Amino acid sequence: METPQVQGQRVEVDNGRLTVSFSLGAAPGPAEKDRSKWTFAGAANSVRYHFYEHRLEMLDLFNHHMTRFNPDGHEPEKRCMQIQRLTLFDSRLGTDTPVDVDVFNLEYIRRDEKPEPPSNSDQVVFIDCPLDGNLLGINGLSRCRLRRTLTWKNMANYVLEHMDVVMDTPSGVVDAIEFQAQFLACMDFGLAPQKKPNKDSLEEGWFTCQWLHDSPFALRFAYGFACNTGLQSFENPVPNYPTPGISQKTRFKTYSWIAGKTKSLDVAHLFTYGTTTDSDGTLIRRLRTELPPSGGCGLAGGRK
């Protein structure tokens, strides 16, 4: 596999099956001057699936099919793997109530760390998102940061992720605190995607979304998500995406879900393409069983 390529505020990883372009910065590009539209921090805004000679844009593949794999004209707001909001539970923040922090517009930085144990077959990217206490007037928040570790295995069609929220204490100890993460994605599965988030799958911590086609032999694509906690909610479309009055025309492509309360969240993002995809959740459930147990209290501890 190629080593992760760093280009300004972007990291790109190619594992032979997926090429993922991951944005560390909030701004979509240097031409965008309106800060209210800087919403791409910590998001994969391109996931290309290697299919013979093609590199298929999985986040906008419905449009990709309609334009005969023409890369021009893709939805500019497509994204996946983004943390939209954190809910923090710790009295040291100076409040006994949960604290909600929007992070889709907060910058990420690379964390200088090596994977343990080292593996020649994995590509690992470590990133941090320092939380800004000035945003909410909460002094303790400035000592907190969201830590994310993204892992690509050679030729795998999935990305593994570990995340926690830590507080840097005055004594120098790095202490993990309880949190909930709300994910955001903008993916084009057409106007009538097949979605399998039901009561059982949400309690188990997984779901799938798939583009359907009239012919059973037609190529189709799907996205699957799994985590080591339950899922509290799932929304499509997302209300007020990403802020009121913006992107009304793409709202039907947006998805949001909230993981259960925990101190240690492990996640799998699965991308499948072909005549058969993981529409019944078999593959994503298998990946979920390989994730480490949750370091928190799962779905039961989350807010309703």
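Read on for a plain summary of the structure.

Conventions adopted
- Residues numbered from 1 in each chain as written.
- Predicted model: local features only at pLDDT ≥ 70, side-chain atom pairs only at ≥ 80, totals over all residues.
- Heavy atoms only, no water.
- Helix = DSSP H or I, 4+ residues; strand = E, 2+ residues; numbered from the N terminus.
- Buried < 20%, exposed > 50% of the residue type's maximum accessible area, 1.4 Å probe, protein only.
- Contact = heavy atoms within 4.5 Å.
- Areas by Shrake-Rupley, 256 points an atom, 1.4 Å probe, with all protein chains shown as cover.
- Phe/Tyr/Trp six-rings, centres within 6.5 Å; stacked < 30°, edge-to-face > 60°.

This paragraph deals with the overall build of the protein chain. In terms of regular secondary structure, the protein chain is built from three helices and 18 strands. When burial is assessed residue by residue, the protein chain has 53% of its 304 residues classed as buried. Here the contacts in the protein chain between residues at least 6 apart in sequence split such that 63% fall between residues at least 24 apart. When the accessible area of the protein chain is evaluated, it comes to approximately 13,700 Å², of which 50% is carbon and sulfur surface.

Let us now look at the packing of aromatic side chains. For the structure shown, the criterion picks out 16 aromatic pairs. With 5.9 Å between their ring centres and 90 degrees between their planes, Phe 189 and Tyr 255 make a pair best called edge-to-face. Pair noted here: Phe 189 is in the loop between strand 12 (174-186) and strand 13 (194-195) and Tyr 255 is in strand 17 (residues 254-259), with a separation of 66 residues, a long-range link. A relative accessible area of 1% means that Tyr 255 is categorised as buried.

We now examine the side chain of Gln 82. Among the structural elements, Gln 82 can be located in strand 6 (residues 79-89). Given the relative accessible area of 0%, Gln 82 is considered buried. In contact with Gln 82, other than residues within four places in its own chain, are Thr 39, Phe 40, Ala 41, Gly 42, Ala 43, Phe 104, Gln 182, Phe 183 and Leu 184.

Here we take up unusual backbone geometry. Leaving glycine aside, a negative phi is the common case for residues, and trans is the common case for peptide bonds. The step from Asn 236 to Pro 237 runs through a cis peptide bond, and the omega angle for that step is 0 degrees. Examined against the element boundaries, Pro 237 turns out to sit in the loop between strand 16 (231-235) and strand 17. Non-glycine residue Tyr 52 carries a positive phi angle of around 55 degrees. Relative to the helices and strands, Tyr 52 is located in the loop between strand 4 (43-51) and strand 5 (54-57). A positive phi angle is found at Met 155, which is not glycine, with a value near 65 degrees. Along the chain, Met 155 turns up in the loop between strand 10 (144-153) and strand 11 (158-168). Since its relative accessible area comes to 42%, Met 155 is described here as partly exposed.

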